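Observations on the three-dimensional arrangement
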Amino acid sequence: MKFAYRFSGLLGTVYRRGNLSFTRDGSGLVSPVGNRISLFDLKNNKCETLPLATRHNIVCVGLSPDGSLAILVDEGNSALLVSLVGKSVIHHFHFHKPVHSVSFSPDGKKFVITKDNVALMYHAPGKKREFNAFVLDKTYYGPYDETTCIDWTDDSKCFAVGSKDMSTWVFGAERWANLIYYSLGGHKDVIVACFFEENSLDLYTVSQDGALCVWQCDTELDGLKPMPPKEARKKNKIKEDEEFLEESKGEEIHGKAHPNEQEIREKVKYSRIAKYFFNKEGDFNNLTSAAYHKKTHLLVTGFASGVFHLHELPDFNLIHSLSISDQRIASISINCTGDWIAFGCSGLGQLLVWEWQSESYVLKQQGHFNSMVSLAYSPDGQYIVTGGEDGKVKVWNTSSSFCFVTFTDHTSGVTAVTFTSSGYVILSASLDGTVRAFDLHRYRNFRTFTSPRPSQFSCLAVDSSGEIVSAGSQDSFEIYIWSMQSGRLLDVLAGHEGPISSLSFNPVKCVLASASWDKTVKLWDMLDSWRTKETLMLNSDVLVVVFRPDGKELAVASLNGQITFWDHENAVQVGSIEGRHDLQMGRKELDKITAKQSAKGKSFTTLCYSADGQSILAGGLSKFVCIYNVKEQILMKKFEISCNLSLDAMEEYLDRRKMTEFGSMALIDEGAGDEDGVAIPLPGVKRGDMSYRRFKPEIRVTCLRFSPTGRSWAATTTEGLLIYSLDSGLIFDPFELDIDVTPSNIRKTLHQKEYAMAIIMALKLNEKKLIQEVIEAVPSDEVEVVCSSLPDLYVEKVLEFLASAFEISCHLEFYLIWAHKLLMLHGQKLKTRSQKLLPVIQFLQKSIQRHFEDVSKLCEWNIYNIKYALAISQQRGMKRLAETSVDEEESESDSDYLMQEVHKDSLSS
């Protein structure tokens, strides 16, 4: 493997927990997904997951006003300062205690975090290089319980902090003579959000019991007076406190809930002018999130029942109310224009963007509710289908990372999914006893295959023609064969003495391989009445079987951690890999034995050959995916798919700090009493579900698949669907290089118009930008001559370059001419090496197909616009004709009237 695979995208999960944030221009959305963040481009309909990760699940995200920086804080109280421009981590920091929210000031010079019962204000990292990115400026005391939310005034002079002690505190970012701190009460439950009015100190506070208080300030922002110099020097003494250990606290400001008369004299005063309630009818339970847009005075509130309200403030006029989910709305955000509202539901992993004026969805995405179990690539590599334990089958676009269709016909967990060779039919097997076929043209379930008696299907395979469908049962130990055309059951294959764990059709011959827990792999001949051709005996239960893309080799993974390779024609084992130690299991929190000991009973549960058949991917109940060289039977690389310590079985060694004399601290429910944890009710209180317990999902890889293009592979894991792509940008990989091949010589040859020679030299050096420069310098009328003079060895290289260039280049017609001429002139010779060239051709097809879809959509839109313009012009023409005819009739009637009058006058005379 000359190229390095790197993480390129996360599909299947769009939102977990934390706050959503719109970008500065309002067209992008930042969503925390586990320990990563995804950027949704809502205008271009694309999604990108940044190639960086925190050590635990992200709790809150703070975006700088210019959109270049983000602060990510996780469950482990660690923070990352991230550059959204360079997509890299700039600084690490540890807050030592849980952080609830983080917010930058509108001028971008400061940011505030809420931690415990204090608010900490830091100097925001600027554009200059700094030794320490997080420098503490002030520590604000006042609330008696944990602080929950932050909001700034528009001029960054003051900020408000809400608390669980039902109070809201207004603090000055600087020491103002008439405002250092101010405490506001008036609520009977936890403060969920607080918002300043535009260019004002007037404040709105929203509490969990659905109450809204409107506070009016007797002073404008311009009325804030600076502290006299003598008093400022006197009060700027830094006090020491042993509780916080991260660094010196800078200036401390201690607020009092009940200041004396002398302290409030000539100070800012607040008065409550109104109090409103959301749940007057009692239809809605706890208010869980809120957002306010200052320019349009729009307040959006979300509830635990999945309902949200839109109100206009300060008059509290209801604009509309809608239910978007049956789970609690965890986060709400409004974009800068006030048109789009983003909602995040952590229970179901939903992410919605709603345009409230037209009452339509801009974005509606949802991942699998439970973990994903299986995946499959389409033949052109453009789509991925996933099946989950929630019974849903979802189809994802690999270029946009969006799910564009969800099939919900299954009534139980989906165990296997696959595409047919045409790429327009998806098959899925389920524990509900059905195998269903879905049509990607009409998005419907057009065929349902069932067994004579109910069976739970654990695996699925379809032959290369797409006509024969087979599924293995885990309770009756039989394999069922159906016809795709008629939907009829053709045969039932019996012979295994244990549950069927895996099925695989030979891509070239009509042979089906079946693996079972009875320690055998059976080969069934489709042309010979499905008779058992061979039975391969193994030493342990067989978990997975897969054919090499050329059909000449069979790979088998068994329960003892071995991967064995077989020549199925002669029933001879040709190699084996002892992979148990490579799997490197982690230790669970409640395990009594070490990770090394528990790994002895572990094995690979999924295998997949690379597109060229030279490597094999293997994964199982571990955070590692191993890639082996088949010929050398050695480990080439291990990919660590996650570093998220919020998942179980991640750490190799037990943390003794978490052990007590009564057992592990993991047995204790830390979330007891939280609004999203176990709410312990008082007698007579009906709120709180004592059966709810927090648990840590275990890290595992359930399915691996290589893209048919050979340029990426995907894995379904506990975290979602991870995609790793080739990163060949920084690798110098010359091909048949000699001493005369240099960039200057290549450009000299190109200047002499020896195009074929220049292309061969550029391909030898194998620098992508240089190849692009040479190929784009060839005149379009010379392409055919150059293609005909290229040696066969370099035709494949040019095709591979064209396929990758199609994805980024704007010279669509020029590259299409190149591809057409190459395939027309060298097509017959390329057919003889079709197996080797298949990934390159499929990569080229994928790129062309994507451009075809984009251009065809644009053309259809243009045709529609032209038709619309013509229809309007015709209507206007008809109106003008009608108007001119009416005018002519009126003029005729006027002339007739005049003639009659003249005639009357003549008669009278």
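Cut-off values and rules
- Residues numbered from 1 in each chain as written.
- Predicted model: local features only at pLDDT ≥ 70, side-chain atom pairs only at ≥ 80, totals over all residues.
- Heavy atoms only, no water.
- UniProt positions renumbered as here; feature names shortened; annotations may be inferred.
- Patch = residues over 30% accessible without salt bridge, like charges linked within 9 Å, V, L, I, M, F, W, Y side chains within 5 Å.
- Areas by Shrake-Rupley, 256 points an atom, 1.4 Å probe, with all protein chains shown as cover.
- Salt bridge = Lys/Arg side-chain N within 4 Å of Asp/Glu carboxyl O.
- Helix = DSSP H or I, 4+ residues; strand = E, 2+ residues; numbered from the N terminus.
- Core = buried A, V, L, I, M, F, W, Y, C linked by side-chain atoms within 4.5 Å.
- Buried < 20%, exposed > 50% of the residue type's maximum accessible area, 1.4 Å probe, protein only.
- Contact = heavy atoms within 4.5 Å.
- Pairing = 2+ DSSP bridges.
- Axes fitted to C-alpha atoms, helices over the stretch in contact; angles between N-to-C directions.
- Polar contact = N/O pair within 3.5 Å; in protein donor to acceptor, adjacent residues only side chain to side chain.
- Phe/Tyr/Trp six-rings, centres within 6.5 Å; stacked < 30°, edge-to-face > 60°.
- Lys NZ or Arg CZ within 6 Å of the ring centre and 35° of its normal.
- Parallel < 35°, antiparallel > 145°, perpendicular 65-115°, else oblique.
- Left-handed = near helix turned anticlockwise from the far one by under 90°.
- Nonpolar A, V, L, I, M, F, W, Y, C, P; charged D, E, K, R; others polar.

The name an unreviewed UniProt entry assigns to the protein chain is Periodic tryptophan protein 2 homolog, from the organism Anser brachyrhynchus. Under the heading Sequence similarities (unreviewed entry), UniProt records this for the protein chain: "Belongs to the WD repeat PWP2 family." Within the UniProt record for the protein chain, the comment given under Subcellular location (unreviewed entry) is "Nucleus, Nucleolus".

Let us now look at a nonpolar patch on the surface. A grouping of Trp861, Tyr864 and Tyr868 is seen on the molecular surface, where their side chains present a nonpolar patch of about 400 Å² in accessible area. Within the secondary structure layout, Tyr864 lies in helix α11 (residues 834–908).

Another aspect to go through is the nonpolar core. One finds Ile746, Ile759, Ile775, Val798, Leu802, Trp818 and Leu822 to be the most contacted residues of the largest nonpolar core, which totals 40 residues. Those elements that place two or more of their residues in this core are α5 (743–751), α6 (755–765), α7 (768–777), α8 (783–788), α9 (792–808), α10 (812–831) and α11. Residues contacting Leu802, with those up to four places away along its chain left out, are Tyr815, Trp818, Ala819, Leu822 and Leu844.

Per the UniProt record, the feature "repeat: WD" (unreviewed entry) sits at residues 184–216, 365–406, 407–448 and 493–526. End C-alpha atoms of residues 184–216 are separated by 11 Å, and the span's content is 0% helix alongside 55% strand. For residues 493–526, the end-to-end C-alpha separation is 11 Å, with 0% helix and 56% strand making up the annotated structure.

Let's shift gears to the sheet that holds strand β9 (residues 88–94). Across the sheet, four strands lie side by side as β6-β7-β8-β9; this open sheet has antiparallel pairing. Two strands lie at the open edges of the sheet, namely β6 (58–63) and β9, each paired on one side alone. On average, each strand axis in the sheet is inclined to that of its neighbour by 20 degrees, with strand direction left out of account. Where β6 and strand β7 (residues 69–74) come together, five bridges link them in antiparallel fashion. The residue of β7 that forms the bridge with Ile58 is Asp74.

Along the chain, Thr717 turns up in strand β58 (residues 712–717). Within the structure, the side chain of Thr717 is placed 3.2 Å from the backbone nitrogen of Glu719, a separation counted as a polar contact. Aside from chain neighbours lying at most four places away, what touches Thr717 is Ile641, Arg700, Val701 and Leu722.

In terms of burial, α6 is a largely internal element, ten of the eleven residues being buried. For α6, the complete set of buried residues consists of Tyr755, Ala756, Ala758, Ile759, Ile760, Met761, Ala762, Leu763, Lys764 and Leu765. On its buried side, α6 packs onto α5, α7, α8, α9 and α10. Among the residues trailing α6, Asn766 stands out with phi positive, at a value near 60 degrees.

Summed over all chains, the structure comprises 19 salt bridges. Here Glu75 ties to Arg17 by a salt bridge, and the two come within 2.7 Å at their closest N and O atoms. Here Glu75, found in the loop between β7 and β8 (78–83), pairs with Arg17, found in the loop between β1 (4–11) and β2 (21–22); they are 58 residues apart in sequence, far enough to count as distant. With a relative accessible area of 34%, Arg17 lands in the partly exposed category. Among the ionic pairs, Glu174 bridges to Lys110, the shortest N-O distance being 3.6 Å.

Another point: the packing of aromatic side chains. Think of a pair of aromatic rings as described by two things: how far the centres are apart, and how the planes are tilted against each other in angle. Scanning the model with the defined rule gives 41 aromatic pairs in all. Measuring from ring centre to ring centre gives 5.0 Å for Tyr140 and Phe159, while their planes differ by 90 degrees; the resulting arrangement is edge-to-face. In this pair, Tyr140 is assigned in strand β13 (residues 135–141) and Phe159 in strand β15 (residues 158–163), connecting sequence segments 19 residues apart. Accessibility assignment for this pair places Tyr140 and Phe159 in one class, buried. The interplanar angle of 45 degrees and the centroid separation of 4.9 Å between the aromatic rings of Tyr140 and Phe171 together place this pair among those described as tilted. Placement of the pair is Tyr140 in strand β13 and Phe171 in strand β16 (residues 168–176), with a sequence separation of 31 residues. Each member of the pair, Tyr140 together with Phe171, is buried. Grouping aromatic residues by their ring pairs yields a cluster made of Phe93, Phe95, Phe104, Phe111, Tyr122 and Phe134. Across the ring face of Phe7, the terminal group of Arg36 is positioned such that the distance to the ring centre comes to 4.0 Å.

Take the pairing of strand β40 (residues 468–473) next. Of all the six residues making up β40, six are buried; the element is thus mostly covered by neighbouring parts of the structure. Both faces of β40 are covered, namely the face carrying Ile468, Ser470 and Gly472 and the face carrying Val469, Ala471 and Ser473. Here strand β39 (residues 457–462) pairs with β40 via five bridges, running antiparallel. Note that in β40 the partner of Val462 across the bridge is Val469. Once β39 ends, the chain turns through five residues before running back antiparallel as β40, passing Gly466 with a positive phi of about 80 degrees. The pairing of β40 with strand β41 (residues 479–483) spans five bridges and is antiparallel. For Ile468, the partnering residue across the bridge sits in β41 and is Ser483. Connecting β40 to the next strand, β41, in antiparallel fashion are five residues, including Phe477 with a positive phi near 60 degrees.

Now for the sheet that holds strand β31 (residues 372–377). The strand order β31-β32-β33-β34 describes an open sheet built from four strands, whose pairing is antiparallel. Among the strands making up the open sheet, the edge pair consists of β31 and β34 (403–407). Averaged over all pairs of adjacent strands, the angle between strand axes in this sheet comes to 20 degrees, irrespective of strand direction. Here strand β32 (residues 383–388) runs beside strand β33 (residues 393–397); their pairing, made up of five bridges, is antiparallel. Among the inter-strand pairings, Gly387 is bridged to a residue of β33, identified as Val393.

Here the focus is the pairing of strand β51 (residues 604–609). Across the six residues of β51, five count as buried, placing the element largely inside the fold. Of the pairings in the sheet, the one linking β51 to strand β52 (residues 615–620) comprises five bridges and is antiparallel in character. The residue of β52 that forms the bridge with Cys608 is Leu617. Two successive antiparallel strands, β51 and β52, enclose a turn made up of five residues, where Gly613 displays a positive phi of approximately 80 degrees.

What follows covers the packing of α5 against α6. One can describe the packing of α5 onto α6 by two numbers: an axis separation of 8 Å at closest approach and a directional angle of 160 degrees. With respect to α6, the element α5 is oriented roughly antiparallel. When you trace α5 past α6, the crossing you get is left-handed. Contacts between α5 and α6 involve Pro743, Asn745, Ile746, Thr749 and Leu750 from the first element and Tyr755, Met757, Ala758, Met761, Ala762 and Leu765 from the second. The residue makeup of the contact of α5 with α6, split by class, is nine nonpolar, two polar and no charged.

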